Amino acid sequence: MSSDVTVKQLATTVNIPVERLLAQLNEAGIQADAAEATITEQEKLQLLNYLRRSSAKKEGGEEPAKRAAPTQRRDAPTDPRSRGPQSRPSRPSLSTRGGGTQRGQKTVSVEVRRKRTQLRREEPKAPAISEPLPTAAAEAPEQPAPEPAAAKQAPQRGVSDEQRRRAELEARRAEEDARRLAEQEEQERLRAEEEARRRAEDEARKRREADVAAHPQGMPTEEAAAEVTAAVGEQPAAAEAETAAEAEAQAPASTEAETQERHRKHVKKHEERTDREKDKPAKKAGKKDAGKARRAGGGVDDDDAAALGVISRPSVRRRKKPGKPQLAEKHQFQRPTAPVVREVEVPESISVADLAQRMSVKAADLVKILFKQGMMVTINQMLDRDTAMLLVEEMGHRAVEAKEKDAEDSLMELLGEETEQAESLPRPPVVTIMGHVDHGKTSLLDYIRRTRVTAGEAGGITQHIGAYHVETDKGIISFLDTPGHAAFSAMRARGAKVTDIVILVVAADDGVMPQTIEAIQHAKASGVPVVVAINKMDKPEANPDRVLQELTQHEVVAEEWGGDTIMVKVSAKSGEGIDDLLDAVLLQAEVLELRAPADSPAHGTIVESSVEKGRGPVATVLVQSGTLRQGDTIVSGSEYGRVRAMFNETGQPVQDAGPSIPVQVLGLSAAPNAGDDVIAVTDERKAREVAELRAERDRQLRIDQQGAANLEQLFSQFKEGETKSVNIILKADVQGSVEALREALMKLSNDEVKVAVVASGVGGITESDANLAVTSNAILLGFNVRADAAARRVVESHGLDLRYYSIIYELIDDVKQAISGMLSPIVTEEIIGLAEVRDVFRSSKFGAIAGCMVVDGTIKRNNPIRVLRNNVVVYEGALESLRRYKDDVAEVKAGTECGIGVKNYNDVQPGDQIEVFERTERAREL
Ligand SMILES: Nc1nc2c(ncn2[C@@H]2O[C@H](COP(=O)(O)OP(=O)(O)OP(=O)(O)O)[C@@H](O)[C@H]2O)c(=O)[nH]1
């Protein structure tokens, strides 16, 4: 076969214009001026050499021979035609193409080849493929043909790179998924392992598939581009095909090896994690399994899918799942930006946890805050109200004192419910008689009682129990047996609204007098209707019209004068008009429509009480609603008890008493006060609880109102001549001091003021001393001794006056000056901190350092101190050093450890206390 071709044929073969080929031939020194000119094989080679030289010059001016070697070496593994001298045309082909604007493309192609070369470690078939080289060289002029192909391959290679990256990304994501899933397959470990293995296999297969899918598309295309770019002519096609096939076989092989390695690592990691984390909920794992299965099947994560613009079914499901979190995010977004200020109700005492809950914060946060403030607390520790309120304010909320719903409240609530439920029936009126002195109140009450109260069989003598009831033809009336508005207003002041109707007694011979007016005012202020009894009508000087007229001036207008007040002319002496009066009262009661339930627990008021010899506490109870029965447990004020017996106003025992009926009750723990309420309760324990609560409240009230024995108060009272004795309880460190002080104090007594040392002794002030001070209204004086914690509690709760002294003169002088009312400005000592010595360290440099725990207040570096041993002062001085760890500090708060060095005192012992105090002076106010 002749290798000679015409220029046209060659131009067609290499796909360049004939003119351009002719120009190149001419430049190469080959005579060819027409398309039909024949080009010999020799001329072809000549052209090829020319083109190669030309390319070399353009690329760097190097000689082709010099440059050939590296080119060959580089190309050798991939391009079989580069082997041997014939392979050189491959470079000129590039050069030819690379001239001018084509250069960039050429460079890209070379890079691709190199890349592929790196992937292919072996080139066993290179010699075989090199066979067509001469042909390839001969075909050199045909190089322009690959140009478009190469140009097209560039984006293709880009796509293949993208695919490879994606495949790798997939692999990585699959691994990540596997890891996440593995973490959540705890309780179903075996199954999870099995499944993970299966999934890992799936992934590996998928990755292989992905790689295979990526490489066959990418590599051969890329390879073809490289081959086409490198080779010229059609002959290399077979070799190229082989190379491509080889690449196909090779590249996945290496990728697969890597994949398998990754897979092995992944499975191992997964198993380790699975073993490590077994305690997560199986449910979660199950859910994740489902997701895993989906992902394994889909092979593409949602993110990938999104990146690829693909929405797979699993991804749709996964998108659905975060629905709630999305909502939550929405809420979060809408969360108010301003701090939420809560109104926090703070009871007397509250645990840290409860307080945190009321503020909707973590208990641990409160513990932290308290810790910063020097309080070491646990979440279950109870905080007092003051601390809790400060804490609430600290957290930015508003603290309000909680209104405690105590036993009393709940009892009253229960009573209210029961009263409401019971049927309300008409009840008798309760009457109080008021009027001016000597207008005949007592006489009237006595007359009614004497004539109306059915006397008991035993002696027929009516009892004075503070109230009685009478039975008339028209109904029952109860009278409170303590006349006068003072008693009435006293009851009112105690909140007892007992009276329904007031009988205002006005002596017909005396008319309206000052107390008559007061009575009118009291009755009106209370909204209680008045029935006027114009008394002493039997007297000749009686002038009822004058009474009517005077009453009118005080807006009490008789019916006959156009008003609404019933006025009855009576005589307590003769009994005239008494029935009319009772009728009038019942008529008024009718108007008032008085009703109360009878079938419910009793609720009433104490009218009178006393302690009688042989009977114990006796109380007259006016039942206001319900029925009081013998055997009932009642609570009255701060007393309680079981109704042992009940008597009526004639002294006869009764079993029960309904609304508006007064009875005398035996069985209370002590005599309650007039005006105290009486409540029947079903449970004695509850009665006691309420009574104790009230007793405590009363006690506190008394303390608040009166205060306890106070030196300043006593001394100020001396001036007013109200107090004639000063009671003192004296405790000192040694007997000598006690005696000396006692004697000195006794000498202070004079004719006007008596100083009484109620008790004295050696040692700290104890709880018993403090209690004695309470009962004897005494002042506590400690000389070189201190009160213990229990004593301090009593002192605080009763507001006792407790003073500490270290100098006898000062103590005596204080009392003396106080007595003489010449107290100079008061120098008070306030103990601001107390530390307990836990351990003592000896240092040659610092002497004895006491390792302390601050138990109360704050230890301040510059304040004076005292060292106490068993509550007795053993040293007074100053601090040498105050340290926290190695730092010198100015102060240390309660609950914190510190190191204390006492100036000039090295005898500190574990168990000692170091108190830090502050002296303040203030002017006396007398
Ligand atoms: N003639 C006459 N004297 C009466 C009548 N009522 C009371 N007295 C007399 O008036 C005096 C005072 O009567 P009391 O019943 O003590 O009057 P009181 O309002 O209770 O007086 P105090 O308890 O001091 O507030 C007594 O001497 C009675 O005897 C009456 O209706 N007619």
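Residue positions are given per chain, counting from 1 as you read along its sequence in written order. Where local features are concerned, this predicted model is filtered to residues with pLDDT of at least 70; where side-chain atom pairs are given and counted, the filter is 80 or more; whole-chain, interface and lining totals use all residues. Just so you know, side-chain values use all the structure's heavy atoms and leave hydrogens and water out.

Engineer: Explain a negative patch on the surface here, please?
Structural biologist: Together, Asp-545, Glu-559, Glu-560 and Asp-564 make up a negatively charged patch on the protein surface. Working definition: helices are DSSP H or I runs of at least four residues, strands are E runs of at least two. Numbering for both runs from the N terminus. Assignment of secondary structure puts Asp-545 in helix H23 (residues 544-553). By relative accessible area, which is 47% here, Asp-545 ends up partly exposed. A patch is a set of surface residues, each over 30% in relative accessible area and not in a salt bridge, joined within 9 Å for like charges and within 5 Å for the nonpolar side chains Val, Leu, Ile, Met, Phe, Trp and Tyr. The method behind every accessible area is Shrake-Rupley, applied with a 1.4 Å probe, and residues are considered shielded solely by the protein chains displayed. Put simply, a salt bridge is a Lys or Arg side-chain nitrogen that is within 4 Å of an Asp or Glu carboxyl oxygen. Residues counted as positive are Lys and Arg, residues counted as negative are Asp and Glu, and His and the chain ends are not counted. Each charge is placed at NZ for Lys, CZ for Arg, CG for Asp and CD for Glu. Relative accessibility decides the category of a residue: with a 1.4 Å probe and only protein chains considered, values under 20% of the type maximum give buried, values over 50% give exposed, and everything between is partly exposed.

Engineer: It is not clear to me how the side chain of Thr-627 should be interpreted in this structure. Could you clarify?
Structural biologist: Along the polypeptide, Thr-627 turns up in the loop between strand S16 (616-625) and strand S17 (628-629). What makes Thr-627 buried here is its relative accessible area of 9%. Here a polar contact is recorded for every N or O atom pair within 3.5 Å, except that within protein the pair must consist of a potential hydrogen donor and a potential acceptor, and residues adjacent in sequence are included only if both atoms are side-chain atoms. Looking at Thr-627, its side chain comes within polar contact range of the main-chain oxygen of Ala-598, at 2.5 Å. Residue contacts are counted whenever heavy atoms from the two residues lie within 4.5 Å of one another. Setting aside chain neighbours within four positions, we find Thr-627 in contact with Ala-598, Ser-600, Pro-601, Ala-602, Asp-632, Asp-656, Ala-657 and Gly-658.

Engineer: Please clarify how the packing of aromatic side chains should be interpreted in this entry.
Structural biologist: Any pair of aromatic rings gets described here by the distance separating the centres and the angle formed by the planes. Each aromatic pair joins two rings of Phe, Tyr and Trp (for Trp, the six-membered one) with centres within 6.5 Å, and gets the label stacked for planes under 30 degrees apart, edge-to-face for over 60, and tilted for any other angle. Under the criterion given, the structure shown has 2 aromatic pairs. Relative to Tyr-905, the ring of Tyr-875 has its centre 4.4 Å away and its plane inclined at 15°; by these criteria the two rings are stacked. Of this pair, Tyr-875 sits in strand S30 (residues 872-877) while Tyr-905 sits in the loop between strand S34 (897-902) and strand S35 (913-922), and the two are 30 residues apart along the sequence. Tyr-905 shares its class with Tyr-875; the two are buried. A positively charged side chain is recorded as over a ring if its NZ (Lys) or CZ (Arg) lies within 6 Å of the ring centre. The angle to the ring normal must also be within 35 degrees. One cation-aromatic arrangement involves Arg-615 over Phe-647; the distance from NZ or CZ to the ring centre is 5.0 Å. Positioned over the ring face of Phe-917 is Arg-866, at 3.8 Å from the centre of the ring.

Engineer: Is there a simple way to explain H23 in this structure?
Structural biologist: An α-helical turn contains 3.6 residues, so any two residues separated by three or four positions project in the same direction. Inspection of H23 places Pro-544, Val-547, Leu-548, Glu-550 and Leu-551 among the buried residues, and these make up the whole buried set. Directly after H23, the chain includes Glu-555, whose backbone phi takes a positive value near 60°.

Engineer: Looking at this structure, I do not really get the pattern of salt bridges. What am I missing?
Structural biologist: Pairing of side chains with opposite charge becomes possible as their charged atoms draw close. Under the definition given, this model contains 28 salt bridges. Note that Lys-524 is salt-bridged to Glu-555, the shortest N-O span being 3.6 Å. One end of the pair, Lys-524, is in helix H22 (residues 514-526); the other, Glu-555, is in the loop between H23 and strand S13 (566-569), with 31 residues separating them in the sequence. A salt bridge links Glu-915 to Arg-786; the nearest nitrogen and oxygen atoms lie 3.0 Å apart. Of this pair, Glu-915 sits in strand S35 while Arg-786 is found in the loop between strand S25 (779-783) and helix H29 (789-798), placing the two residues 129 residues apart along the sequence. Taken as a pair, Glu-915 and Arg-786 share a single burial class, namely buried. The structure contains a network of salt bridges with shared partners spanning Arg-786, Glu-829, Arg-866, Glu-876, Glu-915 and Arg-919.

Engineer: Which parts of the structure should I look at to understand the nonpolar core?
Structural biologist: Most often, soluble globular proteins have nonpolar side chains that are buried together. Nine residue types can take part in a nonpolar core, namely buried Ala, Val, Leu, Ile, Met, Phe, Trp, Tyr and Cys, and a core is a set of them joined through side-chain atoms within 4.5 Å. By size, the foremost hydrophobic cluster in this structure holds 28 residues, and its most contacted members are Leu-444, Ile-448, Ile-477, Phe-479, Ile-503 and Leu-581. Broken down by secondary-structure element, the contributors of at least two residues to this core are strand S8 (430-435), helix H20 (441-452), strand S9 (467-472), strand S10 (475-480), strand S11 (501-507), strand S12 (530-535), S13 and helix H24 (578-592). Of all the elements, H24 adds the most residues to this core, at 7 residues.

Engineer: How do you make sense of the sheet that holds S10 when you look at a structure like this?
Structural biologist: Within a sheet, neighbouring strands are paired by backbone hydrogen bonds and run either parallel or antiparallel to one another. Note on pairing: DSSP must find at least two bridges between two strands before they are called paired. Pairing is mixed in the open sheet, where 6 strands are placed in the order S9-S10-S8-S11-S12-S13. The outermost strands of the open sheet, each flanked by one partner alone, are S9 and S13. The average angle at which neighbouring strand axes cross in this sheet is 30°, direction not considered. Note that S9 and S10 share 6 bridges and pair antiparallel. Residue Glu-471 lies in a different strand from S10, and its bridge partner there is Ile-476. Sheet strands in contact with H20 are S8, S9, S10, S11 and S12, and its direction is about 55° off that of S9. For helices, the fitted line uses only the C-alpha atoms of the stretch in contact; every axis is such a line through C-alpha atoms, and the angle between N-to-C directions lies from 0 to 180 degrees. Against the sheet, H23 contacts S11, S12 and S13, and its axis sits at roughly 150° relative to S12.

Engineer: How should the packing of helix H28 (residues 767-776) against H29 be read in this particular structure?
Structural biologist: The description of two helices packed together rests on the angle between their axes and the distance between the axes. At their nearest, the axes of H28 and H29 sit 7 Å apart, and the two run at 20° to each other. Taken together, the axis directions place H28 and H29 in an arrangement best described as roughly parallel. Considering the relative orientation of H28 and H29, their crossing is right-handed. Contacts between H28 and H29 involve Glu-767, Ala-770, Asn-771 and Val-774 from the former and Ala-790, Ala-791, Val-794, Val-795 and His-798 from the latter. For classification purposes, angles smaller than 35 degrees are called roughly parallel, those larger than 145 roughly antiparallel, those between 65 and 115 roughly perpendicular, and all remaining angles oblique. The crossing is said to be left-handed when, going from far helix to near helix, the turn is anticlockwise and less than a right angle, and right-handed when the turn is clockwise.

Engineer: Explanation requested: the site of the ligand in the structure shown.
Structural biologist: In this text, near means that some heavy atom of the residue lies within 4 Å of the molecule or strand in question. With respect to spatial proximity, 15 residues lie near the ligand, and among them Lys-441, Thr-442, Ser-443, Asp-538 and Ala-572 are the closest. Between the ligand and Thr-442 there is a distance of 2.6 Å, counted from an oxygen atom to a side-chain nitrogen or oxygen. For the ligand, the accessible surface in isolation is 640 Å², of which the surrounding protein chains cover 67%. Counting residues per element, the shell around the ligand draws most heavily on H20, which supplies 3 residues.

Engineer: How do you make sense of the sheet that holds S25 when you look at a structure like this?
Structural biologist: The strand order across the open sheet built from 4 strands is S24-S23-S25-S26, with neighbouring strands paired in parallel fashion. Since the sheet does not close on itself, it has two edges, and those belong to strand S24 (754-762) and strand S26 (802-805), each with one partner. Sheet twist, expressed as the average angle between the axes of neighbouring strands with direction ignored, equals 25°. Sheet topology note: the S25/S26 ladder contains 4 bridges and is parallel. Across the sheet, residue Gly-782 finds its bridge partner in S26, namely Tyr-804. In the packing of helix H27 (residues 735-747) onto the sheet, the strands contacted are strand S23 (725-732), S24 and S25, and the crossing angle to S24 comes to about 175°.

Engineer: Any chance you could explain the state of the cysteines here in plain terms?
Structural biologist: When two cysteine sulfur atoms are found within 2.5 Å, that pair is recorded as a disulfide. Going through the model one piece at a time under the given rule, you end up with 0 disulfides. Cysteine Cys-852 remains unbridged, with the sulfur of Cys-898 as its closest cysteine sulfur at 5.2 Å.

Engineer: Sorry if this is basic, but what is going on with the pairing of strand S19 (residues 639-647) here?
Structural biologist: The two faces of the sheet receive side chains in turn, since in a regular strand these alternate between them. The sheet contact formed by strand S18 (residues 633-636) and S19 spans 4 bridges and is antiparallel. By the bridge assignment for S19, Val-635 is matched with Tyr-640. Taken together, the 4 bridges between S19 and strand S21 (residues 662-668) define a ladder with antiparallel strand orientation. For Ala-645, the partnering residue across the bridge sits in S21 and is Leu-666.

Engineer: Please clarify how the environment of Asp-801 should be interpreted in this entry.
Structural biologist: With respect to the element layout, Asp-801 can be found in the loop between H29 and S26. Here the side chain of Asp-801 touches Arg-803 through a polar contact of 3.3 Å, side chain to side chain.

Engineer: Would you explain unusual backbone geometry in this entry?
Structural biologist: The general pattern is negative phi for most residues beyond glycine and trans for most peptide bonds. The backbone phi angle of Ser-360 is positive, close to 60°, even though this residue is not glycine. Inspection of the secondary structure puts Ser-360 in the loop between helix H16 (352-359) and helix H17 (363-372). Backbone geometry places Asn-870, a non-glycine residue, at a positive phi of 55°. By the element assignment, Asn-870 lies in the loop between strand S29 (865-869) and S30. Asn-870 gets classed as exposed once you look at its relative accessible area, which sits at 68%.

Engineer: Teacher, can you tell me more about helix H1 (residues 7-14) here?
Structural biologist: Listed in full, the buried residues belonging to H1 are Val-7, Leu-10, Ala-11 and Val-14. Buried residues of H1 fall within an arc of 100° about the axis and therefore sit on the same side. Positive phi shows up at Asn-15, right after H1, with a value of about 60°. The directions considered for the arc are those from the helix axis to the C-beta atoms.

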